[in-house]
Amino acid sequence: MFQTRKLYRGGGMVVVATRVQAGTGSAKTLSEPQVRLQLASRIFSFFVKLRGLHGIDAEGFQIVSGFVLAGLAEINKRQDEVFDAGQFSAHLTATALSEMTGIPRQTVRRKLAALEATGLVARDSDGGYSMTTYPSDLDILQIIQATLEPSAPPQSA
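For clarity, every value in this text was computed on a predicted model and none was experimentally measured.

Visitor: Would you mind going over the packing of helix H2 (residues 58-77) against helix H3 (residues 94-101) with me for this structure?
Guide: To describe two helices that pack against each other, one gives the angle between their axes and the distance between the axes. Between H2 and H3, the least distance of the axes is 10 Å, while the angle of their chain directions is 105°. Taken together, the axes of H2 and H3 lie roughly perpendicular to each other. Across from Gln62, Ile63, Gly66 and Phe67 in H2, the residues of H3 making contact are Leu97, Met100 and Thr101. In terms of residue class, the contact of H2 with H3 is built from four nonpolar, three polar and no charged.

Visitor: Looking at this structure, I do not really get the packing of H2 against helix H4 (residues 105-118). What am I missing?
Guide: Taken N-terminus to C-terminus, the directions of H2 and H4 make an angle of 80°; their axes are 10 Å apart at the nearest point. Overall, the two elements H2 and H4 adopt an arrangement that is roughly perpendicular. On the side of H2, the interface is formed by Glu59, Gly60, Ile63, Val64 and Phe67, while H4 contributes Thr107, Val108, Lys111, Leu112 and Leu115.

Visitor: Would you take a moment to explain the nonpolar core for this structure?
Guide: Formed by 25 residues in total, the largest nonpolar core has its most connected members in Ile56, Ile63, Phe67 and Leu112. Listed by contribution, the elements that provide at least two residues to this core are helix H1 (32-54), H2, strand E4 (90-92), H3, H4 and strand E6 (129-131). Per element, the largest residue contribution to this core is seven residues, and it comes from H2. When near neighbours in sequence (up to four residues on either side) are disregarded, isoleucine 56 contacts Leu50, Arg51, Phe61, Val64, Leu115, Leu120 and Leu138.

Visitor: Can you walk me through the sheet that holds strand E5 (residues 122-123) in this structure?
Guide: Sheet strands pair via backbone hydrogen bonds, and the direction of the pair is either parallel or antiparallel. The antiparallel open sheet is built from three strands, whose spatial order is E4-E6-E5. Looking at the sheet topology across the chains shown, the edges are occupied by E4 and E5. Pairing geometry for E5 and E6, over two bridges, is antiparallel. Note that in E6 the partner of arginine 123 across the bridge is tyrosine 129. Along the sheet face, H2 touches E4 and E6 and points at about 125° away from the line of E4.

Reading the values: rules and limits
- Residues numbered from 1 in each chain as written.
- Predicted model: local features only at pLDDT ≥ 70, side-chain atom pairs only at ≥ 80, totals over all residues.
- Heavy atoms only, no water.
- Axes fitted to C-alpha atoms, helices over the stretch in contact; angles between N-to-C directions.
- Helix = DSSP H or I, 4+ residues; strand = E, 2+ residues; numbered from the N terminus.
- Parallel < 35°, antiparallel > 145°, perpendicular 65-115°, else oblique.
- Contact = heavy atoms within 4.5 Å.
- Nonpolar A, V, L, I, M, F, W, Y, C, P; charged D, E, K, R; others polar.
- Core = buried A, V, L, I, M, F, W, Y, C linked by side-chain atoms within 4.5 Å.
- Buried < 20%, exposed > 50% of the residue type's maximum accessible area, 1.4 Å probe, protein only.
- Pairing = 2+ DSSP bridges.

Structure below.
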């Protein structure tokens, strides 16, 4: 488990994380560069995994993230206190995704076709696309949490 402290120096914030090993009472302080290095390494491995398992590149991940944000915003509108992945549902058009991500609409359409082929999204009768299953294996927040709480199993590439 990590305990973090925020230190303010010279107008900037420095984060110092201390790794506490369960049951031993021993602790190791990690510097800000070490925390950043671990996080960057896990995020890099995460993207390698996405490309290998799902064929998703950075633009594809942006599109999936657009669906995730839209679905989470809908859950937030209902003011659900506890996140229930079974309640997840997002509906977006290629135009909306293009505007959200800055990716050209034709590229978004090609990426959506690829995501549809993998089963991550489905085409709606109105021409839009839906994602009705929360893609937990694509959740970058889990990578960040795993970095800050090393008791979780490391993500493999």
